[in-house]
Amino acid sequence: MTLKYLIQKEFLQIRRNSFMPKIIFIFPIMVMCVMPWVMNQEVKNIRVDVVDMDRTTQSQQLVHQVEASNYFIFNGQKATYHEAMKDIETSKADIILEIRDGKYLIAANAVNGTKGSIGSAYLSQIVSSRQPARPNGTLSSERTLNSKLSTLNLYNKGQNYKVFMIPALMGILMMMLCGFLPALNIVGEKEKGTIEQINVTPVSKWSFILAKLIPYWIIGLLVLTVCLVLSWLVYGITCQGQLVLVYLLAILLALFFSSFGLIVSNYSDTMQQAMLVMWFFVVCLMLLSGLFTPVRSMPDWAYMTTYINPMHYFADAIRTVFVRGGNFQSIAHQVFALFCIASVMAVWAVQSYKKNN
């Protein structure tokens, strides 16, 4: 019965806070409705300068094809390569296509390496597709190979980047709500002095810690439900696997971050200190998890950190369920790893709480 009243106290504190209920529900709505549009690694709107020195029918057809592409913004034709290079140097253009004596030169601004390399690849495909046949009537080896290849996408057939990002955004929301809020809750009580009133009561450590965690677990699951509904209503994207697996992964992630938030708060004396420490670890866990970039592209020493990074296991598992429709056997390894890491953090959270009777 003691736990029941402690949980009731936490919900009353949240409700009486004029700011907290608003941020709890406005934050996930804004993230789900805005971030999938802007957190997009698809390269589009590449500004192209064309230097056509041949002025032939074939070269003009190529220019019109580049102009009609959805990936490029045709920046106009320049008289010389030097003039086009000035646009590159002043960031008015991203790529130069020079056509001279039937040969093609593609020069890209690689300050943004991703945009430069992918934009060059797009433009190279357009140029290759317009290569003329050989004198004997045969196609070039590259075109012959391309004509024999076909691509079949088993998952995310439309190659929609939002399908890839929405599960990651769910993990970020769970991390923020279930990690920061419990940490700031306890540190806030320390600053106000109200936690001393709890310390002199016969309330056990476990009861006190669970009372701090359970309300935010419930809030996290409600937010996850809102995210799933918004994903369906706004983008028409639904989970391909069992929803119960998504909730299982969310519960384990919430257990880890809420426990981690309590550990930080137990060792912190001020809210500012707790915020800085939480933000340091959260950013590291997020950037090293593979939410945005493939972990295999990391150096070996950085890749080794993924073995103890719960966000990596969560991102891998939820994308397996959400995008591929995997079953429990497909994510059993990630579930076991999350459970072990979260359990260690939960025990640490209880042991690190100093209660003076």
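Note that the structure is a prediction, hence the values are computed from the model and not measured.

Rules and cut-offs
Residues numbered from 1 in each chain as written. Predicted model: local features only at pLDDT ≥ 70, side-chain atom pairs only at ≥ 80, totals over all residues. Heavy atoms only, no water. Buried < 20%, exposed > 50% of the residue type's maximum accessible area, 1.4 Å probe, protein only. Helix = DSSP H or I, 4+ residues; strand = E, 2+ residues; numbered from the N terminus. Pairing = 2+ DSSP bridges. Core = buried A, V, L, I, M, F, W, Y, C linked by side-chain atoms within 4.5 Å. Contact = heavy atoms within 4.5 Å. Axes fitted to C-alpha atoms, helices over the stretch in contact; angles between N-to-C directions. Parallel < 35°, antiparallel > 145°, perpendicular 65-115°, else oblique. Left-handed = near helix turned anticlockwise from the far one by under 90°. 1 Å grid on protein atoms, 1.4 Å probe; cavity = no way out; pocket = protein on both sides within 12 Å on 5 of 7 lines; lining within 4 Å. Points joined across faces, edges and corners; volume = space filled by probe spheres on them. Nonpolar A, V, L, I, M, F, W, Y, C, P; charged D, E, K, R; others polar. Salt bridge = Lys/Arg side-chain N within 4 Å of Asp/Glu carboxyl O. Domains from an automatic or database assignment. Polar contact = N/O pair within 3.5 Å; in protein donor to acceptor, adjacent residues only side chain to side chain. Patch = residues over 30% accessible without salt bridge, like charges linked within 9 Å, V, L, I, M, F, W, Y side chains within 5 Å. Areas by Shrake-Rupley, 256 points an atom, 1.4 Å probe, with all protein chains shown as cover.

## Thoughts on the pairing of strand S3 (residues 95-100)
Within S3, five of the six residues are buried, leaving the element largely enclosed by the surrounding structure. The pairing of strand S1 (residues 46-52) with S3 spans five bridges and is classified as parallel. Looking at S3, one finds that Val50 is bridged to Leu97. Here S3 pairs with strand S4 (residues 103-108) via six bridges, running antiparallel.

## As for the nonpolar core
Membership of the largest hydrophobic core comes to 84 residues, with the highest contact counts inside it found for Met170, Ile172, Phe208, Leu249, Phe257, Leu291 and Phe322. Per-element accounting of this core gives the leading share, 19 residues, to helix H7 (residues 161-192). Contact partners of Leu249, with chain neighbours within four places excluded, come to Phe314, Ala317, Ile318, Ile331, Val335 and Leu338. Counting residues in each nonpolar core, the second largest holds 14 residues, with Val43, Val66, Ile95 and Leu123 among its members.

## Remarks on the packing of helix H2 (residues 20-38) against H7
With their axes 9 Å apart at the nearest point, H2 and H7 run at an angle of 160° to one another. Taken together, the axis directions place H2 and H7 in an arrangement best described as roughly antiparallel. Judged by the twist between their axes, the crossing of H2 over H7 is right-handed. Contacts between H2 and H7 involve Met20, Ile24, Phe27, Pro28, Val31, Met32, Met35, Pro36 and Trp37 on the former and, on the latter, Lys162, Ile166, Leu169, Leu173, Met176, Leu177 and Leu181.

## Looking at the layout of surface pockets
Here the largest pocket defines a volume of roughly 670 Å³. When residues of the lining of the largest pocket are traced back to their parent elements, those giving at least two are helix H1 (2-16), H2, H7 and helix H11 (271-287). In the lining of the largest pocket, the residues fall into 15 nonpolar, five polar and four charged.

## Topic: the environment of Leu173
In this fold, Leu173 is placed in helix H7. Setting aside its immediate chain neighbours within four residues, Leu173 contacts Phe27, Pro28, Val31, Met32, Val223 and Cys227.

## What about the pattern of salt bridges?
Across all of its chains, the model carries three salt bridges by this definition. Between Asp94 and Arg47 there is a salt bridge, with its nearest N and O atoms 3.4 Å apart. With Asp94 in the loop between helix H4 (81-89) and S3 and Arg47 in strand S1, this residue pair connects regions lying 47 residues apart in the sequence. Under the relative-accessibility criterion, Asp94 is labelled buried at 10%. For the salt bridge of Glu98 with Arg100, the shortest nitrogen-to-oxygen distance reads 2.9 Å.

## Some words on the sheet that holds S3
The mixed open sheet is built from four strands, whose spatial order is S2-S1-S3-S4. Strands with a single pairing partner mark the edges of an open sheet, and in this sheet they are strand S2 (72-77) and S4. On average, adjacent strands in this sheet sit at an angle of 20° to one another, irrespective of strand direction. Of the strands in this sheet, S1, S2, S3 and S4 are in contact with H4, which crosses S3 at around 170°.

## Concerning the environment of Ala349
With respect to the helices and strands, the residue Ala349 is situated in helix H14 (residues 328-352). Between the alpha carbons of Ala349 and Ile209 there is a distance of 7.9 Å; along the sequence they are 140 residues apart. Once residues within four sequence positions are removed from consideration, Ala349 is found in contact with Ile209, Ser259, Leu262, Ile263 and Asn266.

## Things to note about the domain arrangement of the protein chain
Examined at the domain level, the protein chain breaks down into domain 1 (2-39 + 160-352) and domain 2 (46-147). Computed from C-alpha coordinates alone, the two centres of domain 1 and domain 2 are separated by 47 Å.

## Here's the deal with the packing of H7 against helix H13 (residues 310-322)
Any two packed helices are characterised by how steeply their axes cross, that is the angle between the axes, and by the distance between the axes. Put simply, H7 and H13 touch, their axes get as near as 9 Å, and they point 135° apart. As judged from the angle between their axes, H7 and H13 are oblique. Regarding H7 and H13, the two cross each other, and that crossing is right-handed. Here Phe164, Ile166, Pro167, Ala168, Met170, Gly171, Ile172 and Met175 of H7 lie close against H13, whose contacting residues are Met311, Phe314, Ile318, Arg319 and Phe322. Its residues placed into classes, the contact of H7 with H13 shows 11 nonpolar, one polar and one charged.

## With respect to the side chain of Ser268
If you trace the backbone, Ser268 turns up in the loop between helix H10 (243-266) and H11. Among the polar contacts listed, one links the side chain of Ser268 to the backbone oxygen of Val264, at a separation of 2.6 Å. Those residues within four positions of Ser268 in sequence are excluded, and the remaining contacts are Val187, Lys190, Gln273 and Ala274.

## A few points about a nonpolar patch on the surface
A surface patch of nonpolar side chains, about 980 Å² in accessible area, is lined by Ile26, Met30, Val34, Met35, Trp37, Val38, Val229, Trp232, Leu233 and Val234. At the level of elements, H2 and helix H9 (205-235) are the ones that each hand at least two residues to the nonpolar patch. Classification of Ile26 as partly exposed rests on a relative accessible area of 49%.

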